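Chain by chain, the residues run as shown.
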Amino acid sequence: VDDAMSSTDDEKIAKAIELVNGPQPMQGIQMLLQLVETNPNNVDAQYVLGEFAVRSGQYEKALDRFNKVIALDPKVIDAWIYKGEIYMNLDSTAQALNVFKQVIAMDSLNDLALVYAGRLNEQSGNLREAKQFYEQILRHNEDPVVNDSVGKYIRNIDIKLNNK
């Protein structure tokens, strides 16, 4: 890709985000749509359109955008996280859990994916698996606030397991 072209695209994306977050959201969306029409492989524009679709509750559109981002660049972890969150919003627990497990396979230290995987397993009654995800957070995280919260999740699971 020509550097001049991509910096122009980057500038257009920045301007579009400014418009969407400001007084002219539709003008910004139109700019992004034009950008992906001329360059459908622009990962950043697809990603931003996905974010805006989530913000407006258009989950199916957002899912399409994030699937496109993942197809173009599977290393964009945030696109995977959004995809999992969308499935959670659509009450597709199994699909959401599958996505978060894929994230963890790529990045075993991703706290957000680990917490989501833990919560989804806990909600599904898979307490031992939930506990394993939570314990994985404690093995690498040094934030006392996070560790305290995760410790509470684990203690609650232990209570449930001991009562079975």
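Because the structure is predicted, anything quoted here is derived from the model rather than measured.

K.L.:
Residues and numbers for the overall build of the protein chain, please.
P.N.:
Regarding its fold elements, the protein chain presents 9 helices and 0 strands. Reported as C-alpha extents along the three principal axes, the dimensions of the protein chain are approximately 60 × 30 × 30 Å. The burial tally for the protein chain puts 38% of its 164 residues in the buried class. The long-range share in the protein chain, meaning contacts at least 24 apart out of those at least 6 apart in sequence, stands at 41%. For the protein chain, the accessible area works out to roughly 9400 Å², and carbon and sulfur atoms hold 49% of it. Between the mean site of the 17 positive side-chain charges and the mean site of the 24 negative ones, the protein chain shows a separation of 9 Å.

K.L.:
Would you mind going over the layout of surface pockets in detail, with residue names and values included?
P.N.:
Quantified by volume, the largest pocket comes out at close to 300 Å³. I29, F52, A53, S56 and Q58 are the residues nearest the centre of the largest pocket, which is lined by 14 residues in total. Those elements giving two or more residues to the lining of the largest pocket turn out to be α2 (25-38), α3 (43-55) and α4 (59-72). Looking at the lining of the largest pocket element by element, the count peaks at 5 residues for α2. For the lining of the largest pocket, the residue count by class is 8 nonpolar, 3 polar and 3 charged.

K.L.:
So, helix α8 (residues 127-140): which residues are in play, and what are the values?
P.N.:
Between its first and last C-alpha, α8 extends 21 Å over 14 residues, near the 20 Å set by a 1.5 Å rise per residue. Those residues of α8 that sit buried are L127, A130, K131, F133, Y134, Q136 and I137. Structurally, α8 contributes buried residues whose contacts are with α6 (93-106), α7 (111-123) and α9 (144-162).

K.L.:
Any chance you could break down the packing of aromatic side chains for me, citing the residues and the numbers?
P.N.:
A complete count under the given rule lists 5 aromatic pairs for this structure. Ring centres 5.5 Å apart and planes at 70° place the aromatic pair Y47 and F66 in the edge-to-face group. On the criterion of sequence distance, the pair formed by Y47 in helix α3 and F66 in helix α4 is long-range, its members being 19 residues apart. What makes Y47 buried here is its relative accessible area of 16%. The class of F66 is buried, set by a relative accessible area of 0%. Judged by centre distance (4.7 Å) and plane angle (5°), the ring pair of F66 and Y82 falls under stacked. Within this pair, whereas F66 is found in helix α4, its partner Y82 is found in helix α5 (residues 77-89), the two being separated by 16 residues in sequence. Both residues of the pair, F66 and Y82, count as buried. Taken together, the ring pairs connect Y47, F66 and Y82 into an aromatic cluster. Lying across the ring of Y153, R119 places its NZ or CZ 4.3 Å from the centre.

K.L.:
Could you give an account of the nonpolar core, naming the residues involved and the relevant values?
P.N.:
Y47, F66, A79, I81 and F100 are the most contacted members of the largest nonpolar core, which totals 35 residues. Elements supplying a minimum of two residues to this core: α3, α4, α5, α6, α7, α8 and α9. The biggest single contributor to this core is α5, with 7 residues. Among residues more than four places away in sequence, those in contact with F100 are I81, G84, E85, M88, A113, Y116, A117 and L120. Formed by 11 residues, the second largest nonpolar core is a distinct cluster that contains I13, V36, A45 and L49.

The rules behind the values
- Residues numbered from 1 in each chain as written.
- Predicted model: local features only at pLDDT ≥ 70, side-chain atom pairs only at ≥ 80, totals over all residues.
- Heavy atoms only, no water.
- Helix = DSSP H or I, 4+ residues; strand = E, 2+ residues; numbered from the N terminus.
- Buried < 20%, exposed > 50% of the residue type's maximum accessible area, 1.4 Å probe, protein only.
- Contact = heavy atoms within 4.5 Å.
- Areas by Shrake-Rupley, 256 points an atom, 1.4 Å probe, with all protein chains shown as cover.
- Lys, Arg positive; Asp, Glu negative; His and termini not counted.
- Charge placed at Lys NZ, Arg CZ, Asp CG, Glu CD.
- 1 Å grid on protein atoms, 1.4 Å probe; cavity = no way out; pocket = protein on both sides within 12 Å on 5 of 7 lines; lining within 4 Å.
- Points joined across faces, edges and corners; volume = space filled by probe spheres on them.
- Nonpolar A, V, L, I, M, F, W, Y, C, P; charged D, E, K, R; others polar.
- Expected span 1.5 Å × (residues − 1).
- Phe/Tyr/Trp six-rings, centres within 6.5 Å; stacked < 30°, edge-to-face > 60°.
- Lys NZ or Arg CZ within 6 Å of the ring centre and 35° of its normal.
- Core = buried A, V, L, I, M, F, W, Y, C linked by side-chain atoms within 4.5 Å.

Note that all results are geometric; they support no functional claim without further evidence.
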